[in-house]
Amino acid sequence: MTRSVVILAAGANRRMGDFTPVPKALLPLSPEEKESPTFLGRAVALFRATGADRVLVVVSAATARHFAPYADDGVELVVVADDGAPSGSSVSMLAGLDAVLRHHPDGADTLVTDADVVYERALLEQVVARCDASRLFTVDRVTGDGEEVRVYGAPDGTPALIGKGMGGEVSHGLELLGESLGIIHVAAADLRACAALTRWIVGDPPAAPPYGYSRRLSEHEEVWQYLFGLRRLGVARLSGRLLFSECDFPEDYRHVVEVLYPAIEQRDAVAAPAG
């Protein structure tokens, strides 16, 4: 079974403002350490350690030069062309899925994740252990953060809605299935359909127009919403005690550096096998 990983790192970092001159995926997790891992470096190392055969990182043409050292280390860079118009993460995801399909036309088990997420190794190990079907992973906790992507569904765990800021009137009658981790497993049998759906949403100019509600601005959550409706994507719920965080704003980065990542290092050290 081939497992590919598509890491989405083509974002414009607008919410980080002038905080960093490099893409946030390349920010160090321990700035005081000379050899500190970055968000992306840690993710790549963890995916390789847990059995990934191929790691593909989707980057923008404007920032590709910053990621060149990763290509030298065996990571495959997928560069999204800059046509001058803004686009959402679905465009980046389609580029990554197409790159996987070029090597595996019949599909391959593929994990899709954002590049600005940091988590303890135990979390990824639990994700990998549950990659027997197409699943979106959530954790059983919510904080009320406005950037939190929540998933709602039926009491039996069948997902129905995904998005930010959905109040009780929107989610009425549905159970909260947790906060999305930003990690999705697309099974080999579903990969071509997922790519075709994404292409339908964002288009393939000039050959095909976009038909999604947000068109080229669509975020990948729109793809997952459609797959929920088609019953081709389930949800796997992980413990809320597992440590993870996205990094959207400068204050998020400070929290990661000062609080979260030191705690993750401690947990990883305790869980590491002896010898």
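Residues numbered from 1 in each chain as written. Predicted model: local features only at pLDDT ≥ 70, side-chain atom pairs only at ≥ 80, totals over all residues. Heavy atoms only, no water.

1. Quick word on helix α3 (residues 89-103)
The terminal C-alpha atoms of α3, which comprises 15 residues, lie 22 Å apart, in line with the 21 Å expected from a rise of 1.5 Å per residue. Across the 15 residues that make up α3, a large majority, 12, are buried. Buried within α3 are the following residues: Ser-89, Ser-90, Val-91, Ser-92, Met-93, Leu-94, Ala-95, Gly-96, Leu-97, Ala-99, Val-100 and Leu-101. Structurally, α3 contributes buried residues whose contacts are with β1 (3-8), β2 (54-60), β3 (76-80), β4 (109-114), α6 (188-202) and α7 (220-229). (Helix = DSSP H or I, 4+ residues; strand = E, 2+ residues; numbered from the N terminus. Expected span 1.5 Å × (residues − 1). Buried < 20%, exposed > 50% of the residue type's maximum accessible area, 1.4 Å probe, protein only. Contact = heavy atoms within 4.5 Å.)

2. Examining the confidence of the model for the chain
When the pLDDT values of the chain are averaged, the result is 90; 94% of them are 70 or greater. The element-level mean pLDDT for the chain is lowest in helix α5 (residues 168-171), coming to 89, with α6 highest at 97. (pLDDT = per-residue confidence, 0-100.)

3. A closer look at the environment of Val-149
Mapped onto the elements, Val-149 comes out in strand β7 (residues 149-153). Given the relative accessible area of 7%, Val-149 is considered buried. Here the alpha-carbon distance between Val-149 and Val-202, two residues 53 residues apart in the chain, equals 21 Å. Excluding residues within four positions of it along the chain, Val-149 makes contact with Ile-162, Gly-163, Lys-164, Gly-178, Glu-179, Ser-180 and Glu-221.

4. What to know about the packing of aromatic side chains
In total, this model carries 3 aromatic pairs according to the counting rule given. Between the aromatic rings of Phe-39 and Tyr-253, the centroid separation amounts to 6.3 Å while the plane-to-plane angle is 40 degrees, which identifies the pairing as tilted. Linking Phe-39 in helix α1 (residues 39-49) with Tyr-253 in helix α8 (residues 250-271), this pair joins segments that are 214 residues apart in sequence. Summarising the aromatic geometry, the rings of Trp-200 and Tyr-211 are spaced 6.3 Å apart at their centres and angled 20 degrees between planes, so their arrangement reads as stacked. In this pair, Trp-200 is assigned in helix α6 and Tyr-211 in the loop between α6 and α7, connecting sequence segments 11 residues apart. (Phe/Tyr/Trp six-rings, centres within 6.5 Å; stacked < 30°, edge-to-face > 60°.)

5. Thoughts on the packing of α3 against α6
At their nearest, the axes of α3 and α6 sit 9 Å apart, and the two run at 145 degrees to each other. Along this stretch, α3 crosses α6, giving a crossing that reads as left-handed. Together, Ser-90, Val-91, Met-93, Leu-94, Leu-97, Asp-98, Val-100 and Leu-101 of α3 and Leu-191, Arg-192, Cys-194, Ala-195, Thr-198, Arg-199 and Val-202 of α6 make up the contact between the two elements. (Axes fitted to C-alpha atoms, helices over the stretch in contact; angles between N-to-C directions. Left-handed = near helix turned anticlockwise from the far one by under 90°.)

6. Considering the layout of surface pockets
Empty space among the atoms becomes apparent when a probe as large as a water molecule is rolled across them. Quantified by volume, the second largest pocket comes out at close to 300 Å³. Surrounding the second largest pocket, Arg-141, Thr-143, Asp-145, Glu-147, Glu-148, Glu-179, Phe-244, Ser-245, Glu-246, Asp-248, Asp-252 and His-255 form its lining. At the level of secondary structure, the elements contributing two or more residues to the lining of the second largest pocket comprise β11 (244-246) and α8. If one sorts the elements of the lining of the second largest pocket by residue count, β11 sits on top with 3 residues. In the lining of the second largest pocket, the residues fall into 1 nonpolar, 3 polar and 8 charged. (1 Å grid on protein atoms, 1.4 Å probe; cavity = no way out; pocket = protein on both sides within 12 Å on 5 of 7 lines; lining within 4 Å. Points joined across faces, edges and corners; volume = space filled by probe spheres on them. Nonpolar A, V, L, I, M, F, W, Y, C, P; charged D, E, K, R; others polar.)

7. Notes on empty space enclosed by the protein
Evaluation of the coordinates by the stated rule reveals 2 cavities of 30 Å³ or more. A volume near 40 Å³ is recorded for the largest cavity. Lining the largest cavity, in full, are Phe-39, Arg-42, Ala-43, Leu-46, Val-117, Val-118 and Tyr-119. Every element with two or more residues in the lining of the largest cavity is listed here: α1 and β5 (117-119). Ranked by residues supplied to the lining of the largest cavity, first place goes to α1 with 4 residues. When the residues that make up the lining of the largest cavity are grouped by side-chain class, the tally is 6 nonpolar, no polar and 1 charged. Lining of the second largest cavity is provided by Ser-134, Val-186, Asp-190, Cys-194, Leu-227 and Arg-232. For the lining of the second largest cavity, the class distribution of residues is 3 nonpolar, 1 polar and 2 charged.

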